[in-house]
Amino acid sequence: MSTLLRLATAGSVDDGKSTLVGRLLHDCKAILADQIAHVKTVSEARGGDFDFALLTDGLRAEREQGITIDVAYRYFATDKRSFILADCPGHVQYTRNTVTGASTADVVIILVDARHGVLEQTRRHLAVAGLLRVPHVVLAVNKIDLVGYDEAGFTKIAKDVNEVADQLGIADIQAIPVSALVGDNVVDKSAETAWYDGPTLLEYLENATGRIDNSQQPLRFPVQYVIRPQTDDQYRDYRGYTGTVASGTVSVGDQVIVLPAGRRTSVAGIDRAVVTATSTAVVERPSAVAGEAVTVRLTDDLDVARGSVIVAAEASPGTRRELAATVSWLSDRPLTVGARVLIKHTTTTAQAIVTKITGALDLDTLGVIDATELALNDIGKVQLKIAAPLAADPYSSNTITGSFLLIDAHDGWTLAAGMIDDEEGELL
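Conventions and cut-offs
- Residues numbered from 1 in each chain as written.
- Predicted model: local features only at pLDDT ≥ 70, side-chain atom pairs only at ≥ 80, totals over all residues.
- Heavy atoms only, no water.
- Phe/Tyr/Trp six-rings, centres within 6.5 Å; stacked < 30°, edge-to-face > 60°.
- Helix = DSSP H or I, 4+ residues; strand = E, 2+ residues; numbered from the N terminus.
- 1 Å grid on protein atoms, 1.4 Å probe; cavity = no way out; pocket = protein on both sides within 12 Å on 5 of 7 lines; lining within 4 Å.
- Points joined across faces, edges and corners; volume = space filled by probe spheres on them.
- Nonpolar A, V, L, I, M, F, W, Y, C, P; charged D, E, K, R; others polar.
- Expected span 1.5 Å × (residues − 1).
- Buried < 20%, exposed > 50% of the residue type's maximum accessible area, 1.4 Å probe, protein only.
- Salt bridge = Lys/Arg side-chain N within 4 Å of Asp/Glu carboxyl O.
- Domains from an automatic or database assignment.
- Contact = heavy atoms within 4.5 Å.
- Buried area = accessible area lost by both parts, 1.4 Å probe.
- Pairing = 2+ DSSP bridges.
- Axes fitted to C-alpha atoms, helices over the stretch in contact; angles between N-to-C directions.
- Left-handed = near helix turned anticlockwise from the far one by under 90°.

Student: So what exactly am I meant to see when it comes to the packing of aromatic side chains here?
Tutor: A ring pair, where both rings are aromatic, is described by two values, the distance of the centres and the angle of the planes. By the definition in use, this model includes 3 aromatic pairs. Residues Phe-76 and Phe-83 carry aromatic rings whose centres are separated by 4.7 Å and whose planes lie at 15 degrees to one another, so their mutual orientation is stacked. Seen from their ring centres, Phe-154 and Trp-195 are 5.5 Å apart, and the 45 degrees between their planes marks the pair as tilted. Of this pair, Phe-154 sits in helix H6 (residues 151–168) while Trp-195 sits in the loop between strand S6 (173–177) and helix H7 (201–207), and the two are 41 residues apart along the sequence.

Put into structure tokens, the structure is as follows:
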């Protein structure tokens, strides 16, 4: 089990996400004394009790409106492991921020107000978690104290959410009754919920597993930069290809294919820079695994540039100029057939055109409905034709080479986050 866990919060407006995060950080002793004193002073000035939400809502607009707007990242640790937490906004217009926060999460905590039950935004955030294939989802039924710690109400909400999760293909979901304000079942067990025999939120997080280990997948090495120093005799003939190993393991002597050219060669060497306070040295490595930034040298002089992908010879994804994909539309401007965009896939940026919109997800029925366009926050199925070949995998098998962004070519704004479908191309 990895010692680092990435998690994100999601839920509707005023479900208590920031309060829950603040309570979690406070009870884990992850808040400095001066910050606690400052929040206490601000809370007293407002005439209220200690406001845990102020520990995460850092923007002036957030504090004035009592909402979360930006994604707030927090780092904390317990004796068992370390955490990177993304506190995401709940408003519909900020769903794009939730997509950003959940895209790298191992666990998504979805809050539901015990008084209101499952809402449209709950379904939307569950759909985002399913779309991004987040391994674990925690259903935090918050404000359980305001319904008198009612077991029946908690059970009904958990049942409703599990039905939605089943339709979206979310396999692992844990329901926990909590009160962020009081602290019930956040870090410590609550005596008020004797009927609940599951873990507290912190217990669950400390024992949750992360995403699938990318090092066990076939090699994918997107090239970011070509190094040719030509500065002195030692490196005059040096040619190396730098990047981060997206998946798999690369070792000296491995047979590889360079895409999109399709040329076969072998790995001649692997170098990594070691930087200290006084010097920088290049160290040769026998191998490198997913997540490591290295420079790869090849046996043959091939046409390799930024955007090329070095892949395992025995497990090449090939290249494609047409994609069927599921996208989360993040722009105020609707997406229509014929739209010309830029696609950013690993280290490649190419022109693309939307040739078809197959359908959109109906958040009420969770079925696919016909659509001629996608509006802000819609999740839909599209087909793209691309000007340059991409070395791409389905998102279900590789979340790095199976994902992409759509970008406005005129102003550089991000339009959509996309996930490449399997051959059958089912939505979610």
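Student: I'm lost on empty space enclosed by the protein in this one. Help?
Tutor: Where empty space is left can be seen by rolling a probe of water-molecule size over the atoms. Evaluated as defined, the whole model comprises 1 cavity of 30 Å³ or more. In this structure, the largest cavity occupies an estimated 40 Å³ of space. Listing elements by their share of the lining of the largest cavity, those giving two or more residues are strand S1 (4–11), helix H4 (95–102) and helix H5 (120–131). Its residues assigned to classes, the lining of the largest cavity shows 6 nonpolar, 3 polar and no charged.

Student: I'm lost on H5 in this one. Help?
Tutor: Residues spaced three or four apart along an α-helix point in a common direction, a consequence of the helix completing one turn every 3.6 residues. Across its 12 residues, H5 extends 16 Å between first and last C-alpha, which sits within 8% of the 16 Å expected from 1.5 Å per residue. Burial analysis of H5 places 10 of its 12 residues in the buried class, the great majority of the element. When H5 is considered as a whole, its buried residues turn out to be Gln-121, Thr-122, Arg-124, His-125, Leu-126, Ala-127, Val-128, Ala-129, Gly-130 and Leu-131. Just downstream of H5 lies Arg-133, where phi reads positive at about 55 degrees.

Student: Would you take a moment to explain the pattern of salt bridges for this structure?
Tutor: A side chain with one charge can pair with a side chain of the opposite charge if their charged atoms come near. On inspection of all chains with the given rule, the structure shows 16 salt bridges. Its salt-bridge partner being Arg-124, residue Glu-120 comes within 3.1 Å of it at the nearest N-O pair. Of the two residues, Glu-120 and Arg-124 are both situated in helix H5; the distance of 4 residues between them amounts to about one turn of the helix. A salt bridge links Asp-411 to Arg-333, with the shortest nitrogen-to-oxygen separation between them at 3.7 Å. Here the residue Asp-411 occupies a position in the loop between strand S24 (403–407) and strand S25 (414–420), and Arg-333 occupies one in the loop between strand S17 (320–329) and strand S18 (335–336), the gap between them amounting to 78 residues. Residue Asp-411 is classed as partly exposed on the basis of its relative accessible area, which comes to 40%.

Student: Explain the domain arrangement of the chain here, please?
Tutor: Size of an interface, as often reported, equals the accessible area lost when the parts are brought together. Taken domain by domain, the chain consists of domain 1 (4–207), domain 2 (220–315) and domain 3 (320–420). Once you take the C-alpha centre of each, domain 2 and domain 3 turn out to be 30 Å apart. Of the residues lining the interface, 12 residues belong to domain 2; the matching set on domain 3 comes to 9 residues. Buried area between domain 2 and domain 3, summed over both chains or domains, comes out near 790 Å², and the portion from carbon and sulfur atoms is 61%. Taken together, domain 2 and domain 3 are joined by 1 salt bridge. A salt bridge links Asp-393 to Arg-220, with the shortest nitrogen-to-oxygen separation between them at 2.9 Å. Of the residues assigned to the side of domain 2 that touches domain 3, the class counts are 6 nonpolar, 4 polar and 2 charged.

Student: Hey, could you run me through the pairing of strand S11 (residues 255–259) in this one?
Tutor: Side chains on a regular strand alternate between the two faces of the sheet. Summarising burial for S11: 4 of the 5 residues are buried, a large majority. As judged from the 4 bridges shared by S11 and strand S12 (residues 263–275), these two strands associate in the antiparallel manner. When the sheet's bridge partners are listed, Val-256 is paired in S12 with Thr-265. In this antiparallel pair of consecutive strands, S11 and S12, the connection spans 3 residues, and Gly-262 shows a positive phi of 80 degrees.

Student: Got a minute to help me understand the packing of H5 against H6 in this structure?
Tutor: Two numbers describe how H5 lies on H6: the axes approach to 10 Å, and their chain directions differ by 35 degrees. Crossing angle aside, the handedness with which H5 passes H6 is right-handed. On the side of H5, the interface is formed by Arg-123, Leu-126, Ala-127 and Gly-130, while H6 contributes Val-161, Val-164 and Leu-168. For the contact of H5 with H6, the class distribution of residues is 5 nonpolar, 1 polar and 1 charged.

Student: Any chance you could explain the sheet that holds strand S5 (residues 136–142) here in plain terms?
Tutor: Strand pairing within a sheet occurs via backbone hydrogen bonds; the two strands may be parallel or antiparallel. The strand order across the open sheet built from 6 strands is S2-S3-S1-S4-S5-S6, with neighbouring strands paired in mixed fashion. On the outer flanks of this sheet lie strand S2 (72–77) and S6, each paired with one strand and no other. Within the sheet, the average angular offset between the axes of one strand and its neighbour, ignoring direction, is 25 degrees. Against the sheet, H4 engages S1, S2, strand S3 (82–87) and strand S4 (107–113), with an angle of about 160 degrees to S1. Against the sheet, H5 makes contact with S1, S4, S5 and S6, and its axis sits at roughly 170 degrees relative to S4, the strand it touches most.

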